[in-house]
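# A closer look at the structure
So you can see what is in the structure, the chains are spelled out below.
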Amino acid sequence: MNSQNGLKLPLSRLEKVQSWGMNREVLGYVYRPSTVAGLQEVIATARNAGRSVGIRGGGCSYGDASLNSENVVLDITRMNRILAWDPATGIIEIEPGVTLQRLWQYVIGDGWWPPVVSGTMFVTMGGAVGMNYHGKNNYKMGPVGEHVLEFDLLLADGTVINCSREHRPDIFFAAIGGFGMLGCFTRIVMKMKRVYSGLLEVDAFATRSFAEIARVFEERMADDDYLVGWIDCMAGSQNSGRGLVHAARYLRADEDPNAPQTLQVAYQGLPETMFGLIPKSIMWRFLKPFSNDPGMRLINWARFLLGSTLGNYKTVRQSHAAFAFLLDYVPNWKLVYRPGGLIQYQSFIPAEHAAACFDEQMAICRKFRVYPWLGVFKRHRTDNFLMTHAVDGYSLALDFPVRKRYESRLNQAVEEMNRVVLESGGRFYFAKDSTLTRQDALTYLGSDAVLKFQRLKAELDPNNLWQTDLSRRLFGDWDINTPHPRPLQEAR
Ligand SMILES: Cc1cc2nc3c(=O)[nH]c(=O)nc-3n(C[C@H](O)[C@H](O)[C@H](O)COP(=O)(O)OP(=O)(O)OC[C@H]3O[C@@H](n4cnc5c(N)ncnc54)[C@H](O)[C@@H]3O)c2cc1C
């Protein structure tokens, strides 16, 4: 939509907005309202100017999910109040801009912890529910949406509706994971998980292949509360899939005599220095000399060597925050991926095909000489959300550096990996995606789900107000039986 159709938006609102992976930067008209009335005003302004509105939380999606080039970016981070908290039941009512960091810090002292957390605490809960994020306990606790009791959703016409499993369940199961396409959460009610200690008991050990790590996960799923694998993606074909497992379980009330202390926020804090010496704020600079394939090969090799020898079969007690937010230990670690940034490629594969599919992905990487610097392996289960990314199986998340000189090889590798994933009955995840095509997305979601989603979109947002760069890339002119969603200008 261009401004000839309406009022011009003030240039003072134009800001650079970046994807978390730093591989895409666009200009958008950024508004940061702090109340529902403020949100409604932004919608009216956008409509008058003939612009679409893309909702943005913490901006932690790796790709273009919270970008809206040359249109309105509705930044909800100032809507960050905790509205009600009941330490007896663990039910909390929050505005969508409350970060995961604020949430866990608010509830832990009362013996509660968010039931599902992502690898970083800098996400907002609106963004978390918008993507229906999962944690290292997805096989046990499902995605965050399973712990949402109700929410208020601001619709494109400015009205606010309340949704739950009982009231408008169709919207409830579509807006959770609906990547901001049906409306903006303005209030979320969730249930926390009771914990009796601020510590987890964590086992660490090495595995030698995708088949082995999958077998170990199957054996441990019933007893462990969290399971995560780190994969050395730079190991050669002989060692494909080797890695380290971290398995954690909650402590019972009688297992931590210091629970009143360990449940304090101060006890949970990540250390300010690494190795007791280097301020963590500058740690990424020490990694910078290794930010190339040989350097990362060395780091991956050393990590596996240490983990499979000194660290093998070690059991330690670790705080919830230290276990959950390992990636936040080194602030700005993503800067080692500059100048080109990174993309994350996460695919979700049914259990019976997972090991073979991930081995094939590694072979494709070697064939095209594009090497992920980081690989993370998780167990998942299916859920009832319309646009779900989960399967009864495994995911592998691969961080690829983006460099001009091998961009075309990376594209070819991703294209081939997509084919393998789709042939294996796999799925993808909008929060991580930068590369899917419309056809890929349609294939994994299935036309039934897409059609249902489009019908809801047509009902709730007939003029296609809510858009992002991702939605235009993947939904722009999807046309199964109905013409929605369609570009805003066509709707007027
Ligand atoms: C280091 C790192 C580790 C991560 N680890 C995990 C992980 O373990 N598991 C996992 O599942 N994900 C993980 N993620 C991805 C992350 O959890 C999701 O991208 C999450 O959606 C980010 O939240 P955000 O507040 O930054 O949202 P944004 O990225 O800003 O937005 C995400 C989506 O939600 C929509 N949205 C935002 N706010 C609202 C709202 N109020 N109402 C409606 N829609 C809204 C946006 O339009 C967008 O489509 C990780 C990301 C990073 C950077």
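Keep in mind the model is a prediction, meaning the values are calculated, not measured. (Residues numbered from 1 in each chain as written. Predicted model: local features only at pLDDT ≥ 70, side-chain atom pairs only at ≥ 80, totals over all residues. Heavy atoms only, no water.)

Our focus in this paragraph is the site of the ligand. For the ligand, the set of nearby residues contains 35 residues, the closest of which are Ile55, Cys60, Ser61, Thr124 and Tyr429. Contacts to the ligand include His134, whose backbone N or O atom sits 2.7 Å from a nitrogen atom. The contact in question runs from an oxygen atom of the ligand to an N or O atom on the side chain of Tyr429, over 2.7 Å. Where the shell around the ligand is concerned, the elements lending two or more residues are β3 (53-56), α3 (125-131) and β10 (184-191). Per-element tally for the shell around the ligand: the top contributor is α3, with five residues. For the shell around the ligand, the class distribution of residues is 17 nonpolar, 15 polar and three charged. (Near = heavy atom within 4 Å. Polar contact = N/O pair within 3.5 Å; in protein donor to acceptor, adjacent residues only side chain to side chain. Helix = DSSP H or I, 4+ residues; strand = E, 2+ residues; numbered from the N terminus. Nonpolar A, V, L, I, M, F, W, Y, C, P; charged D, E, K, R; others polar.)

It is worth spelling out a nonpolar patch on the surface at this point. Together, Leu298, Trp301 and Leu305 make up a nonpolar patch on the protein surface, roughly 300 Å² of accessible area in all. Structurally, Leu305 can be placed in helix α10 (residues 293-308). Assessed through its relative accessible area of 40%, Leu305 is described here as partly exposed. (Patch = residues over 30% accessible without salt bridge, like charges linked within 9 Å, V, L, I, M, F, W, Y side chains within 5 Å. Areas by Shrake-Rupley, 256 points an atom, 1.4 Å probe, with all protein chains shown as cover. Salt bridge = Lys/Arg side-chain N within 4 Å of Asp/Glu carboxyl O. Buried < 20%, exposed > 50% of the residue type's maximum accessible area, 1.4 Å probe, protein only.)

In this section: the domain arrangement of the protein chain. By a widespread convention, an interface's size corresponds to the accessible area lost as its parts come together. In terms of domains, the protein chain is made up of domain 1 (3-77 + 448-491), domain 2 (82-194) and domain 3 (199-439). A straight line from the C-alpha centre of domain 1 to that of domain 3 covers 31 Å. With 20 residues of domain 1 in contact, the opposing surface of domain 3 contributes 23 residues. Taken together, both faces of the contact between domain 1 and domain 3 bury some 1,800 Å²; the carbon and sulfur share is 62%. For the domain 1 face of the interface with domain 3, the top three residues by lost area are Met22, Tyr62 and Arg473, together amounting to 36%. In this assembly, domain 1 and domain 3 are joined by one salt bridge. Two residues, Arg473 and Asp433, come together in a salt bridge whose shortest N-O distance is 2.9 Å. For the interface between domain 1 and domain 3, the tally reads nine residue pairs in polar contact (both at pLDDT 80 or more). Mapped by element, the contributors of at least two residues to the side of domain 1 that touches domain 3 are α15 (447-460) and α16 (469-475). In terms of residue count, α16 provides more of the side of domain 1 that touches domain 3 than any other element does, five residues in total. Residues that form the side of domain 1 that touches domain 3 fall into these classes: 10 nonpolar, five polar and five charged. (Domains from an automatic or database assignment. Contact = heavy atoms within 4.5 Å. Buried area = accessible area lost by both parts, 1.4 Å probe.)

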